[in-house]
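Listed below are the residues making up each chain.
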Amino acid sequence: MSSLVLLVIGLGIFVLAWNTKDEINRIAAMVAGTISLVWGFALAPLQFQLLVEFVLVLAAFFVCMRCLGCGLKR
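Here is a short report on the structure shown in this document. What you are looking at is a predicted structure, and each value in this text was computed from that prediction instead of being measured.

1. A closer look at the overall build of the protein chain
Broken down by element type, the protein chain carries three helices and zero strands. The helix and strand sequence of the protein chain, counted from the amino end, reads α-α-α. Counting only residues that meet the buried cut, the protein chain has 18% of its 74 residues in that class. Considering only residue pairs separated by 6 or more positions, the protein chain has 47% of its internal contacts joining residues 24 or more positions apart. Of the roughly 6,000 Å² of accessible surface on the protein chain, 78% is carried by carbon and sulfur atoms.

Set out below in C-alpha cells:
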C-alpha cells in the first residue's frame, strides 16, 4: 500500500513540475518526483515490477525499431 502512495505522489510531483515555469523549481520537483517513484517502485510487489519492466522493454523495442526503419528510408 505504501508503494502505491509513493507512486501516486511521484506522479503528482511530475505533473506539478511540468506546470512550473521556473527552472530551479522544475529541476527540484523532478528530482523529488524521481526519488519518490524509485522508492515506490522498489517497495512494489514483484509482479508489478515485472509487468512495468515488460511494458517498458516493449515500448523501447518498438521505438527503436521505428527509428531504425526511418533511418533506412533516408
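Now, onward.
2. A look at the environment of Leu37
In this fold, Leu37 is placed in helix α2 (residues 23-43). Ignoring any residue separated from it by four or fewer positions in sequence, one finds Leu37 in contact with Leu7, Gly10, Leu11 and Phe14.

About the thresholds
Residues numbered from 1 in each chain as written. Predicted model: local features only at pLDDT ≥ 70, side-chain atom pairs only at ≥ 80, totals over all residues. Heavy atoms only, no water. Helix = DSSP H or I, 4+ residues; strand = E, 2+ residues; numbered from the N terminus. Buried < 20%, exposed > 50% of the residue type's maximum accessible area, 1.4 Å probe, protein only. Contact = heavy atoms within 4.5 Å. Areas by Shrake-Rupley, 256 points an atom, 1.4 Å probe, with all protein chains shown as cover.

Bear in mind that shape data such as this cannot, by itself, settle questions of function.
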